[in-house]
Amino acid sequence: MSRTVLIVEDNPGIGQLVKMHVEDLGYEAILITRGDEGLARYRQGGIDLVVLDLMLPGMDGLAVCREIRSGPGYVPVLMLTAKSTELDRVLGLEMGADDYLTKPFSVAELGARIKALFRRVDAMASPAQEDATEERIEHEGLSIDPARRRVTIQGQEIDLTAREFDLLFHFARHPGRVFSRTQLLDAVWGYNHEGYEHTVNTHINRLRGKIEQDPSDPFYIQTVWGVGYRFRD
């Protein structure tokens, strides 16, 4: 199945490099250098994944991502940023980005992220996937419906991004089991790159902010110091 990747990047060198590598992976690539024009092209349809720079003329990447997520359907968004602060990462994830890469990055790493996102899209769409047939998980007021990808706490629905749902569901399927950050990267993101454990930290912080009554003293997702994280047994 042919797939089309929309690349919105105003740096000509980076944009052409990303485009070339996406095409080497066997996908069609469309390169646009302005945020507003990138959003307009996305809305025309036929886009399977968006590689989105944070700093763009016309409309910044956060605004573009917000507009993409406010529309119908789900298309994964991989955000590129020259900034490496926690705030930038959190803002991107809050707007609905599925993953991010901080410049400079290797083309191998870019390819791994793109392929991992497409694998997850395939898993979400396949009715044969195990999580689509698993029964609802109930735990201390938390309810996870894997078929509908719906989470509620005390009956109130919680708005999670696709990645946050995958992370929570992975934890809840293995209560009490301790996972390192690298194990979570491999299981939930589908890749494992040394030095990118902070991706896990950022998502867990965002997830705790949504499901925990007191994120500073989490009930569901607990930290095991020096090792990783576990779901309350």
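Counting of residues starts from 1 at the beginning of each chain's written sequence and follows it residue by residue. Local features in this predicted model are restricted to residues whose pLDDT is 70 or higher, and side-chain atom pairs enter the listing and the counts only when it is 80 or higher, whereas totals over whole chains, interfaces and linings include all residues. Side-chain metrics in this entry use all non-hydrogen atoms of the structure; hydrogen atoms and water are not considered.

Enquirer: Would you take a moment to explain the pairing of strand β3 (residues 49-53) for this structure?
Expert: It is a general feature of regular strands that their side chains alternate between the two faces of the sheet. Burial analysis of β3 places five of its five residues in the buried class, which makes it a mostly covered element. Only protein chains enter the accessibility calculation, which uses a 1.4 Å probe. A residue is then buried if its area is under 20% of the maximum for its type, exposed if over 50%, and partly exposed in between. Secondary structure follows DSSP: runs of H or I at least 4 residues long count as helices, runs of E at least 2 residues long count as strands, and numbering of each begins at the N terminus. Across the two faces of β3 the burial is the same, with Leu 49, Val 51 and Asp 53 and Val 50 and Leu 52 all buried. In the sheet, strand β1 (residues 4-8) pairs with β3 via four bridges, with the strands oriented parallel. Each bridged residue has a counterpart across the sheet, and for Val 5 the counterpart in β3 is Leu 49. When β3 meets strand β4 (residues 77-81), the two strands line up parallel, connected through four bridges. Bridged to Val 51 within β4 is Leu 78. Since β3 and β4 lie parallel, the crossover through helix α3 (residues 61-70) that links them has a hand, and here it is right-handed. At least two bridges found by DSSP between two strands are what make those strands a pair. Here a crossover is taken to be right-handed if, once the strands point away from the viewer, the path from the first strand over the helix to the second is traced clockwise.

Enquirer: What's the story with the pattern of salt bridges in this structure? I'm lost.
Expert: Put simply, a salt bridge is a Lys or Arg side-chain nitrogen that is within 4 Å of an Asp or Glu carboxyl oxygen. Considering all chains together, one arrives at 16 salt bridges under this definition. Residue Lys 103 pairs with Asp 53 through a salt bridge whose shortest N-O separation is 3.1 Å. Of this pair, Lys 103 sits in the loop between β5 (99-102) and α5 (107-125) while Asp 53 sits in strand β3, placing them 50 residues apart in sequence. Take Lys 103 and Asp 53: they sit in the same class, and that class is buried. Its salt-bridge partner being Arg 148, residue Asp 145 comes within 3.9 Å of it at the nearest N-O pair.

Enquirer: What is the right way to look at the packing of helix α7 (residues 162-173) against helix α8 (residues 181-189) in this model?
Expert: Each packed pair of helices is defined by two parameters, the angle between the axes and the distance between the axes. At their nearest, the axes of α7 and α8 sit 10 Å apart, and the two run at 115° to each other. The hand of the α7/α8 crossing is right-handed. Taken together, the residues of α8 that come into contact with α7 (itself represented by Arg 163, Asp 166, Leu 167, His 170 and Phe 171) are Leu 184, Ala 187, Val 188 and Trp 189. Of the residues in the contact of α7 with α8, the class split is six nonpolar, one polar and two charged. All axes here are fitted lines through C-alpha atoms, helices being fitted over the stretch that makes contact, and every angle between N-to-C directions spans 0 to 180 degrees. Crossing handedness is defined as follows: a turn of the near helix away from the far one that is anticlockwise and smaller than a right angle gives a left-handed crossing, while the clockwise case is right-handed. The criterion used for residue contact is that any of the two residues' heavy atoms lie within 4.5 Å. Residue polarity follows a fixed list, in which Ala, Val, Leu, Ile, Met, Phe, Trp, Tyr, Cys and Pro are nonpolar, Asp, Glu, Lys and Arg are charged, and the others, Gly among them, are polar.

Enquirer: Please explain α3 as it appears in this structure.
Expert: Count 3.6 residues to each turn of an α-helix, and residues three or four apart come out pointing the same way. Within α3, the full set of buried residues consists of Gly 61, Leu 62, Ala 63, Val 64, Cys 65 and Ile 68. Of the residues that open α3, the one with a side-chain oxygen 2.9 Å from the backbone nitrogen of Leu 62 is Asp 60. Polar contacts, as counted here, are pairs of nitrogen or oxygen atoms within 3.5 Å of one another; within protein the pair requires one atom able to donate a hydrogen and one able to accept it, and residues that are adjacent in sequence qualify only if both atoms are side-chain atoms.

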